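What the coordinates show
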Amino acid sequence: LANYEAIAIAATAEFLGGARVVLRAVDGDAGRLKALSSAIVAGPGLTVVLVSTQTPALVVAARSADVGTACHELVGLLAKTFGGRGGGKPDFAQCGAIQASPEQVMDAARDWLVSHA
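So, here is what we can say about the structure in this document.

Cut-off values and rules
- Residues numbered from 1 in each chain as written.
- Predicted model: local features only at pLDDT ≥ 70, side-chain atom pairs only at ≥ 80, totals over all residues.
- Heavy atoms only, no water.
- Helix = DSSP H or I, 4+ residues; strand = E, 2+ residues; numbered from the N terminus.
- Rg over C-alpha atoms; globule rule 2.2 N^0.38 Å.
- Lys, Arg positive; Asp, Glu negative; His and termini not counted.
- Charge placed at Lys NZ, Arg CZ, Asp CG, Glu CD.
- Buried < 20%, exposed > 50% of the residue type's maximum accessible area, 1.4 Å probe, protein only.
- Pairing = 2+ DSSP bridges.
- Contact = heavy atoms within 4.5 Å.
- Expected span 1.5 Å × (residues − 1).
- Disulfide = S-S within 2.5 Å.
- Axes fitted to C-alpha atoms, helices over the stretch in contact; angles between N-to-C directions.

In terms of regular secondary structure, the protein is built from 4 helices and 6 strands. Order of helices (α) and strands (β) in the protein, N terminus to C terminus: α-β-β-α-β-β-α-β-β-α. Its C-alpha radius of gyration of 12 Å places the protein within 12% of the 13 Å reference for a compact globule of 117 residues. The principal-axis extents of the C-alpha atoms in the protein amount to approximately 30 × 30 × 25 Å. The averaged location of the 10 negative side-chain charges in the protein is 6 Å from the averaged location of its 9 positive side-chain charges.

Given below as C-alpha cells:
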C-alpha cells in the first residue's frame, strides 16, 4: 500500500532550483514516514521531506541515489532551528521532538533546499 501512496505523492513533486522535491505533512509514526519516504525515493531524481502532523513533530528526509541533497545537513538544520534531535546519512536522515507546525518545518526545509540547489 505504501508503494501506491508513494507513486501518488511522487507525482506531486515540485521543482525547487531545478530539482524535484516532495514536501508533505502526513499522519503516522516514524515507521510510516520511513517506509513512505523510502518508497518515494526508490525512483530517480527525487528528494523528499515528510513531516508528521502531530506535535512534537517527526521529520524524515531522503533522496534518490542520483540526487546530491545532503539529508543529514537538512535534518540537522531543522533540529537546531526547532529544538529537536536527530541525524543520519547524506541519503537518509530523521529527527524528532520538533516544536513547530508542519508548515513551519516545510517552509524551513523549502528555504534550505532552494539555497542548496
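Having put the structure on the table, let's press on.
Next up on the list: the pairing of strand 4 (residues 57-63). Of all 7 residues making up strand 4, 6 are buried, and the element is well covered by its neighbours. For strand 3 (residues 46-52) and strand 4, the ladder comprises 5 bridges, and the chain directions are antiparallel. Bridging across to strand 4, Val48 finds its partner in Ala62. Connecting the antiparallel pair strand 3 and strand 4 is a turn made up of 4 residues.

Mapping Thr47 onto the fold places it in strand 3. A relative accessible area of 1% means that Thr47 is categorised as buried. Discounting residues that sit within four places of it in the chain, Thr47 has contacts with Arg20, Val21, Val22, Ala62, Arg63, Val67, Thr69 and Leu113.

Turning our attention to helix 4 (residues 102-115). For helix 4, spanning 14 residues, the distance from its first C-alpha to its last is 20 Å, which sits close to the expected 20 Å at 1.5 Å a residue. Buried residues in helix 4 make contact with strand 1 (14-16), strand 2 (19-26), strand 3, strand 4, helix 3 (71-82) and strand 6 (92-98).

Linking two cysteines covalently via their sulfur atoms produces the bond known as a disulfide. In total, this model carries 0 disulfides according to the counting rule given. In this structure Cys71 is not part of a disulfide, and its nearest cysteine sulfur, from Cys95, lies 11 Å away. Residue Cys71 is classed as buried on the basis of its relative accessible area of 0%.

Now for unusual backbone geometry. A cis amide bond links Thr55 to the next residue, Pro56, at an omega of 0°. The phi dihedral of Ala97 is positive, around 60°, even though this residue is not glycine.

Glancing now at the sheet that holds strand 1. Read across the sheet, 6 strands follow the order 1-2-3-4-6-5 without closing on themselves; strand pairing throughout is mixed. Looking at the sheet topology across the chains shown, the edges are occupied by strand 1 and strand 5 (85-89). The sheet shows a mean angle of 20° between the axes of neighbouring strands, taken without regard to direction. Relative to strand 6, strand 5 runs antiparallel, the two sharing 5 bridges. Paired with Gly88 across the strands is Ala93, a residue of strand 6.

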